[in-house]
Amino acid sequence: MKNSLVILFLSFLSLNLIAQGYSVGDKAADFKLLNVDGNYVQLSDYEDAKGFIVIFTCNHCPYSIAYEDRINDLNRMFAHEGYPVIAINPNDSVVQPQDSYSKMIVRAREKSFGFPYLLDATQEVFREYGATRTPHVYLLNREEESLVVRYIGAIDNNYEDAAKATEKYVESAINSLKAGEKPEPDFTKAIGCTIKVRKS
Amino acid sequence: MKPFTFVPVKLKFVIILLMIFTVNGLHAQVRVYGFDELKPLLNQQNDTTYVINFWATWCAPCVKELPDFEKINAQFSAQKFRMILVSLDFKRSLETRLIPFVREKNLKAEVIMLHEPDANSWIDKVDPKWTGAIPATLIYNKDFRDFLEGSYTYDELYNIIINNLKQ
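None of these values were measured; they are calculated from a predicted model.

What counts as what
Residues numbered from 1 in each chain as written. Chains lettered and ligands numbered in written order. Predicted model: local features only at pLDDT ≥ 70, side-chain atom pairs only at ≥ 80, totals over all residues. Heavy atoms only, no water. Helix = DSSP H or I, 4+ residues; strand = E, 2+ residues; numbered from the N terminus. Buried < 20%, exposed > 50% of the residue type's maximum accessible area, 1.4 Å probe, protein only. Contact = heavy atoms within 4.5 Å. Areas by Shrake-Rupley, 256 points an atom, 1.4 Å probe, with all protein chains shown as cover. Pairing = 2+ DSSP bridges. Right-handed = clockwise from strand over helix to strand, strands pointing away. Axes fitted to C-alpha atoms, helices over the stretch in contact; angles between N-to-C directions. Disulfide = S-S within 2.5 Å. Phe/Tyr/Trp six-rings, centres within 6.5 Å; stacked < 30°, edge-to-face > 60°. Lys NZ or Arg CZ within 6 Å of the ring centre and 35° of its normal.

Caption draft 1: Highlighting the overall build of chain A. Scanning chain A from terminus to terminus reveals 5 helices and 9 strands. From first element to last, N terminus to C terminus, chain A shows the α and β order α-β-β-β-α-β-α-β-α-β-β-β-α-β. Counting only residues that meet the buried cut, chain A has 50% of its 200 residues in that class. Considering only residue pairs separated by 6 or more positions, chain A has 75% of its internal contacts joining residues 24 or more positions apart. Of the roughly 10100 Å² that chain A leaves accessible, carbon and sulfur atoms contribute 53%.

Caption draft 2: View of unusual backbone geometry. Residues and elements named next belong to chain A. Residue Pro-135 follows Thr-134 across a cis peptide bond; omega there is -10°. Mapped onto the elements, Pro-135 comes out in the loop between strand 6 (133-134) and strand 7 (136-143). Cis geometry marks the peptide bond from Glu-184 to Pro-185; its omega dihedral reads 5°. As for its placement among the helices and strands, Pro-185 is situated in the loop between helix 5 (169-178) and strand 9 (192-194). Positive phi values are uncommon outside glycine, yet Ser-112 reaches one of about 50°. With respect to the helices, strands and loops of the structure, Ser-112 is situated in the loop between helix 3 (101-110) and strand 5 (117-119). Unlike most non-glycine residues, Glu-144 shows phi in positive territory, near 55°. Within the secondary structure, Glu-144 sits in the loop between strand 7 and strand 8 (146-153). A relative accessible area of 77% places Glu-144 in the exposed class.

Caption draft 3: Broad picture of the pairing of strand 2 (residues 49-55) of chain B. Residue and element names in this part refer to chain B. Judged by how many residues are buried, strand 2 sits mostly within the fold: 7 of 7 residues are covered. Every second residue of strand 2 is oriented toward a common face, with Thr-49, Val-51, Asn-53 and Trp-55 on one face and Tyr-50, Ile-52 and Phe-54 on the other, all of them buried. Sheet analysis places strand 2 next to strand 3 (residues 81-87), joined by 7 bridges and oriented parallel. Residue pairing across strands places Thr-49 opposite Phe-81, the latter belonging to strand 3. In this view, the connection linking strand 2 to its parallel neighbour strand 3 by way of helix 3 (residues 60-76) has right-handed handedness. Pairing of strand 2 with strand 6 (residues 136-141), which is carried by 5 bridges, proceeds in the antiparallel orientation. The partner of Phe-54 across the bridge, within strand 6, is Ala-136.

Caption draft 4: Expanded view of the sheet that holds strand 6 of chain B. Residue and element names in this part refer to chain B. Strands sit in the order 1-4-3-2-6-7 across an open sheet of 6 strands; the sheet is mixed. Two strands lie at the open edges of the sheet, namely strand 1 (31-33) and strand 7 (144-149), each paired on one side alone. For this sheet the average axis-to-axis angle between neighbouring strands, irrespective of direction, equals 25°. This element, helix 4 (residues 94-104), spans strand 1, strand 2, strand 3 and strand 4 (110-114) of the sheet and lies at about 160° to strand 4. The strands touched by helix 6 (residues 154-164) are strand 2, strand 3, strand 6 and strand 7; relative to strand 6, the strand with the most contacts, the crossing angle is about 15°.

Caption draft 5: Quick look at the state of the cysteines. Residue and element names in this part refer to chain A. Tallied over the full model, the rule gives 2 disulfides over all chains. Paired through a disulfide, Cys-61 and Cys-193 show a sulfur-sulfur distance of 2.1 Å. Torsion about the S-S bond of the Cys-61 and Cys-193 cystine: about 85°, corresponding to right-handed handedness. Within this pair, whereas Cys-61 is found in the loop between strand 3 (51-56) and helix 2 (62-78), its partner Cys-193 is found in strand 9, the two being separated by 132 residues in sequence. Looking at Cys-193, the relative accessible area reads 3%, which means it is buried.

Caption draft 6: Just the packing of aromatic side chains, in detail. Tallied over the entire structure, the rule returns 22 aromatic pairs over all chains. A centroid spacing of 5.1 Å and a plane angle of 15° characterise the contact between Tyr-50 of chain B and Tyr-140 of chain B, whose relative ring orientation is stacked. Linking Tyr-50 of chain B in strand 2 with Tyr-140 of chain B in strand 6, this pair joins segments that are 90 residues apart in sequence. Judged by centre distance (5.5 Å) and plane angle (35°), the rings of Phe-76 of chain B and Phe-81 of chain B are tilted. When its relative accessible area of 9% is taken as the criterion, Phe-81 of chain B is described as buried. Through a chain of ring-to-ring contacts, three or more aromatic side chains come together here, namely Tyr-22, Phe-31, Phe-56, Tyr-129 and Tyr-138 of chain A. The ring of Tyr-33 of chain B is capped by Arg-31 of chain B, whose NZ or CZ atom sits 4.5 Å from the centre of that ring. One cation-aromatic arrangement involves Arg-145 of chain B over Tyr-140 of chain B; the distance from NZ or CZ to the ring centre is 4.9 Å.

Now the structure itself:
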């Protein structure tokens, strides 16, 4: 009995180790992170939201920079429809000084970000979500009392030129959710910058 | 007579300058590939061991591990070994960033640029484990395949190659 309990415990532990971050269909956790305006933001602040476009992004990464205008556009298009953008910088500023909190404030002002730009100072949120690169999108949908991950991946299929993107993944995923359908595709990959993890 | 002797000297100078630029230019040539052209290089069935490293000039951890890759390339270049550094820099920075970088660092390993912005269409074809972050490296031959998203240390790289290299 004792042995089987130990085995059960160990397998539970290893399952947790293997499960790195969210898959589509998982329930997403709320967080409380510092915004560039000096206030803390949490998803539960948005009582009327139907969901969220959570985007792990940062200042320094050329792929993130290439998508800044498109992220602003997504927020402009979907915030008033109940799906605001929540941008999170997961990088450690010792490893990448361009991604410090003070430089986030500068960048948000320069690009007139219309959405919260939060700092994942403890690097717990990106780990919980399972983000591996910037930019990396998690589209959350409110279903009953939970926020459910309904799309993970890229914003569209052309990082270099928005005008040449033939698949606007996030846009069409939200349109599917609004129509009561499941996004297709619900998972895509893209080239991005590694997340800069704090060195212990 | 004076102007006559002056002209050839100037010409010689121009010719030397031209030669220097041509030699340098040839040395730092970087071919631009689509994924269809790169794909065969990821699946060769011969005795050569391939190291395919995905990187970019703006990617700090990639640039940091480049000297180790260069050293490995020099060590194994006489053997059945081929290294290709696949740059994912933006195409518009080929002339302004990538080629000057290759020249400045005097990279000896083969450098190509992959221009295929619809990354979702090809990342899984390199390796299904790859989420898309760089650096990422594929090491393989016909009997062996190893893929890593992240950085190798010199020792890791050396050991994988020495343990799998074919005579």
